[in-house]
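Chain by chain, the residues:
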Amino acid sequence: QVQLLESGGGLVQAGGSLRLSCAASGRTFSGYGMGWFRQAPGKEREFVAHIVWGGVNTDYADSVKGRFTISRDNAKNTVYLQMNSLKPEDTAVYYCAATTTWSTRRLYDYQIWGQGTQVTVSS
């Protein structure tokens, strides 16, 4: 079983940047597509970005397109989320997740989840 551990969250001012990392351990995460989701207080968990195993295809929620970039280093078993031009509405707990389903935004397609990392953007 693959375990996922997120890091890189924190407090940042609006307009700033953060880079989240998600390290996989245990079994190789070979073949898994990886996604980032977020959940703000009182709201449902929502899709942020996805990257396929080979890294060629990516997908983004409209709310983050052009500001966030998802990438992965399969040799390091790590996926990243570079977040630029952050806004207060980006404040949430960010989760990475692994899926065997091709390029999906659906939360229930993801079989393995990390514990999350808090991102807070101040205005």
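Refer to the structure printed above.
Report follows, based on the coordinates. (Residues numbered from 1 in each chain as written. Predicted model: local features only at pLDDT ≥ 70, side-chain atom pairs only at ≥ 80, totals over all residues. Heavy atoms only, no water.)

1. Overview of the state of the cysteines
- This model, assessed by the stated rule, comprises one disulfide.
- The partner cysteine of Cys 22 in its disulfide is Cys 96, sulfur to sulfur 1.9 Å. Because the torsion about its S-S bond is 50°, the bridge between Cys 22 and Cys 96 counts as right-handed. On the criterion of sequence distance, the pair formed by Cys 22 in strand β3 (residues 18-26) and Cys 96 in strand β9 (residues 92-99) is long-range, its members being 74 residues apart. Here the two residues Cys 22 and Cys 96 agree in accessibility, since each one is buried. (Disulfide = S-S within 2.5 Å. Helix = DSSP H or I, 4+ residues; strand = E, 2+ residues; numbered from the N terminus. Buried < 20%, exposed > 50% of the residue type's maximum accessible area, 1.4 Å probe, protein only.)

2. Describing the sheet that holds strand β1 (residues 2-7)
- Read across the open sheet, the four strands follow the order β1-β3-β8-β7; overall the sheet is antiparallel. Both edges of this open sheet fall to β1 and β7 (68-73), since each of them pairs with a single strand only. On average, each strand axis in the sheet is tilted by 15° relative to the strand beside it, whichever way the strands run.
- Pairing geometry for β7 and strand β8 (residues 78-83), over six bridges, is antiparallel. The residue bridging Thr 69 from the neighbouring strand is Gln 82, located in β8. (Pairing = 2+ DSSP bridges. Axes fitted to C-alpha atoms, helices over the stretch in contact; angles between N-to-C directions.)

3. What about the packing of aromatic side chains?
- Tallied over the full model, the rule gives five aromatic pairs.
- Pairing Tyr 95 with Trp 113 gives two aromatic rings, centres 6.4 Å apart and planes at 75°, and the pair type is edge-to-face. Of this pair, Tyr 95 sits in strand β9 while Trp 113 is found in strand β10 (residues 110-113), placing the two residues 18 residues apart along the sequence.
- For Trp 113, a relative accessible area of 23% gives the class partly exposed.
- Considering the side-chain rings of Tyr 110 and Trp 113, the 6.1 Å spacing of their centres and the 55° angle between planes classify their relative orientation as tilted.
- A network of ring pairs unites the aromatic residues Phe 37, Phe 47, Tyr 95, Tyr 110 and Trp 113 as a single cluster.
- The positively charged end of Arg 45 is found above the aromatic ring belonging to Trp 113, 5.0 Å away from the centroid. (Phe/Tyr/Trp six-rings, centres within 6.5 Å; stacked < 30°, edge-to-face > 60°. Lys NZ or Arg CZ within 6 Å of the ring centre and 35° of its normal.)

4. Here we look at the pairing of β7
- Only one face of β7 is buried: it carries Phe 68, Ile 70 and Arg 72, and the other face, with Thr 69, Ser 71 and Asp 73, is open.
- Taken together, β7 and the strand that follows it, β8, pair antiparallel across an intervening segment of four residues, in which Asn 77 is found at a positive phi of about 50°.

5. Some details on the pattern of salt bridges
- This structure, assessed with the given rule, holds six salt bridges.
- Where Asp 90 meets Arg 38, a salt bridge forms, and the shortest distance between an N and an O atom there is 2.9 Å. Remark: Arg 38 occurs in strand β4 (residues 33-39) and Asp 90 occurs in the loop between β8 and β9; sequence separation between them is 52 residues. This pair shows no difference in class: Asp 90 is buried, exactly as Arg 38 is.
- A salt bridge links Arg 106 to Asp 109; the shortest N-O distance between them is 2.8 Å. (Salt bridge = Lys/Arg side-chain N within 4 Å of Asp/Glu carboxyl O.)

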